[in-house]
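Architecture at a glance
Take a look at the letters that make up each chain.
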Amino acid sequence: MKPLITVIGSSNVDLIVKLPRFPKPGETVLGGQFYKAQGGKGANQAVAAARAGANVCFISRVGNDDFGKSTLLSYSKDGITIDHVSVDNTIPTGVAVIYVDAHGENTIGLAEGANATLTPEQVRRAASVISLSKLLLLQLEIPFETVKESILLARKANVPVILNPAPAQPIDSEILKNVSILTPNEIEAEFLTGISLTTDDAIKHAAQQLRSRGVHTVIITLGSRGVYVSTERENLFVPSFQVEAADTTAAGDVFNGTLAVAIAEGKKLIDAIRFANAAAALSVTKLGAQTSAPRREEIDEFLFSQ
Ligand code: ADP
């Protein structure tokens, strides 16, 4: 039986233009190539979890527009339950406008749109599905009061919470102590602790500091290096898998979505991290965000081959 996971977070449509170079203010640069892709950290993680083998209930909000319709359709194609993806009749679907230059650098302008109107009330309406879930997975691209309410609801129902604190913003200890697993990347860990992660000792120190604020388990993701995990009993680096990286966009999202699946299935923490490292490594070998999230068979085969 697939475990039920609730993911609460953002839905965006990414409008990507590859250009020879970035336009200066007031300038038009010709010769671009256009791509449209589904995005948003919440959606990326929900898709990664669904493909890795969970029944995913996604709580999110889109606009009553073409982007909203194509977004809902894409979730259904991945088998994600969309009963709690609501539609805002006045505000458009979240959109990210992304320029990528010839060196692969990008600049991003984000219009949060309907994501900004995902309210605590909408989450309360989903309380029964949250309480039936094996796990709740969240990020910080929706209003913080909604994140807060979600975490408190989950804790009341004894449902473990994974919080991916991205994009970085301050989180009070009252919230942190209700988080089972916190998964910052290096930048977010530095932001939350004020510690610059330039050495192994600094990484350990940052994880320790976050745990002292009440988080049960801290997993700092370290890009191609893998992760550092810290619990009361275990403190260790878990290396990533070596692959030919083509595009690291959304590696963290795939890591979080698949970690949630492995934990919900009852895997031991280190095995769950290995599973998520494998899925994230596979994702960086392919272009795109949701397009690069691997399916369960691929992850299992990859792990078997290592
Ligand atoms: P984010 O995308 O949030 O910045 P990271 O860059 O830390 O997150 O990547 C998340 C995870 O993805 C890493 O912990 C690792 O498992 C995997 N990963 C990222 N980059 C690579 C890479 N070049 N090779 C293999 N695995 C990678």
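Our structure's up above, just so we're on the same page.
The present account deals with the structure reproduced in this document. (Residues numbered from 1 in each chain as written. Predicted model: local features only at pLDDT ≥ 70, side-chain atom pairs only at ≥ 80, totals over all residues. Heavy atoms only, no water.)

The strand order across the open sheet formed by nine strands is 5-4-1-8-9-10-11-12-13, and the pairing between neighbours is mixed. Unpaired on one side and paired on the other, strand 5 (85–88) and strand 13 (235–239) mark the two borders of the sheet. One ladder, built from three bridges, connects strand 8 (residues 135–138) with strand 9 (residues 161–163); its direction is parallel. Looking across to strand 9, one finds that L138 is bridged to L163. Taken strand by strand, helix 2 (residues 66–77) contacts strand 4 (55–63) and strand 5, and its axis lies near 175° from that of strand 4. (Pairing = 2+ DSSP bridges. Helix = DSSP H or I, 4+ residues; strand = E, 2+ residues; numbered from the N terminus. Contact = heavy atoms within 4.5 Å. Axes fitted to C-alpha atoms, helices over the stretch in contact; angles between N-to-C directions.)

It is worth spelling out the nonpolar core at this point. Grouped together as the largest cluster of nonpolar side chains are 47 residues, with contacts concentrated most on I219, L259 and I273. Broken down by element, this core gets its largest block of residues, 10 residues, from helix 10 (residues 269–284). Not counting residues up to four positions away in its chain, the partners in contact with I219 are I181, L182, T183, P184, V227, Y228, V229, F255, L259, L269 and I273. Ranked by size, the runner-up nonpolar core spans 39 residues in total, among them C57, L153, A206 and Y228. (Core = buried A, V, L, I, M, F, W, Y, C linked by side-chain atoms within 4.5 Å. Buried < 20%, exposed > 50% of the residue type's maximum accessible area, 1.4 Å probe, protein only.)

A side chain with one charge may pair with a side chain of the opposite charge, provided their charged atoms come close. One pass over the full model with this rule turns up 12 salt bridges. Notably, a salt bridge pairs E121 with R125, separated by 3.6 Å at the nearest N-O pair. Separated by four residues within a single helix, E121 and R125 lie in helix 3 (residues 120–125), roughly one turn from each other. Residue classification places R125 among the exposed positions, given a relative accessible area of 53%. With a closest N to O distance of 3.1 Å, K267 and E265 form a salt bridge. Using a relative accessible area of 34% as the deciding quantity, one classes E265 as partly exposed. (Salt bridge = Lys/Arg side-chain N within 4 Å of Asp/Glu carboxyl O.)

Here we take up the site of the ligand. Around the ligand, 17 residues are found, and the nearest of them are T221, G223, G226, G252 and N277. One of the backbone N or O atoms of G252 is found 3.0 Å from an oxygen atom in the ligand. Here the ligand has 560 Å² of accessible area as a free molecule, and 82% of this is covered by the chains. Looking at the shell around the ligand, the elements that each hand over two or more residues are strand 12 (226–230), helix 9 (251–264) and helix 10. It is helix 10 that provides the largest number of residues to the shell around the ligand, a total of four residues. Considering only residue class, the shell around the ligand consists of nine nonpolar, eight polar and no charged. (Near = heavy atom within 4 Å. Polar contact = N/O pair within 3.5 Å; in protein donor to acceptor, adjacent residues only side chain to side chain. Areas by Shrake-Rupley, 256 points an atom, 1.4 Å probe, with all protein chains shown as cover. Nonpolar A, V, L, I, M, F, W, Y, C, P; charged D, E, K, R; others polar.)

Moving on to the packing of helix 10 against helix 11 (residues 296–305). Where helix 10 meets helix 11, the axes come as close as 9 Å, and the angle between the chain directions of the two elements is 110°. As the angle between them shows, helix 10 and helix 11 are arranged roughly perpendicular. For the pair helix 10 and helix 11, contact is made by R274, F275, A278, A279 and L282 and by R296, E298, I299, D300, F302 and L303, respectively. Class assignment for the residues of the contact of helix 10 with helix 11 results in seven nonpolar, no polar and four charged. (Parallel < 35°, antiparallel > 145°, perpendicular 65-115°, else oblique.)

This paragraph deals with the layout of surface pockets. Volume-wise, the second largest pocket comes out at about 280 Å³. Around the second largest pocket sit 13 residues that line it, and I181, H216, T217, T231 and L269 are the ones nearest its centre. Residue classes in the lining of the second largest pocket are distributed as six nonpolar, four polar and three charged. (1 Å grid on protein atoms, 1.4 Å probe; cavity = no way out; pocket = protein on both sides within 12 Å on 5 of 7 lines; lining within 4 Å. Points joined across faces, edges and corners; volume = space filled by probe spheres on them.)

Our focus in this paragraph is unusual backbone geometry. Cis geometry marks the peptide bond from A166 to P167, where omega comes out at -10°. Mapped onto the secondary structure, P167 falls in the loop between strand 9 and helix 6 (173–176). Here the phi dihedral of N158 falls at roughly 60°; this positive angle occurs in a residue that is not glycine. In this structure, N158 sits in the loop between helix 5 (144–156) and strand 9. If you check the backbone angles, A250 has positive phi at about 70° while not being a glycine. Residue placement: A250 occurs in the loop between strand 13 and helix 9. The class for A250 is buried, based on a relative accessible area of 14%.

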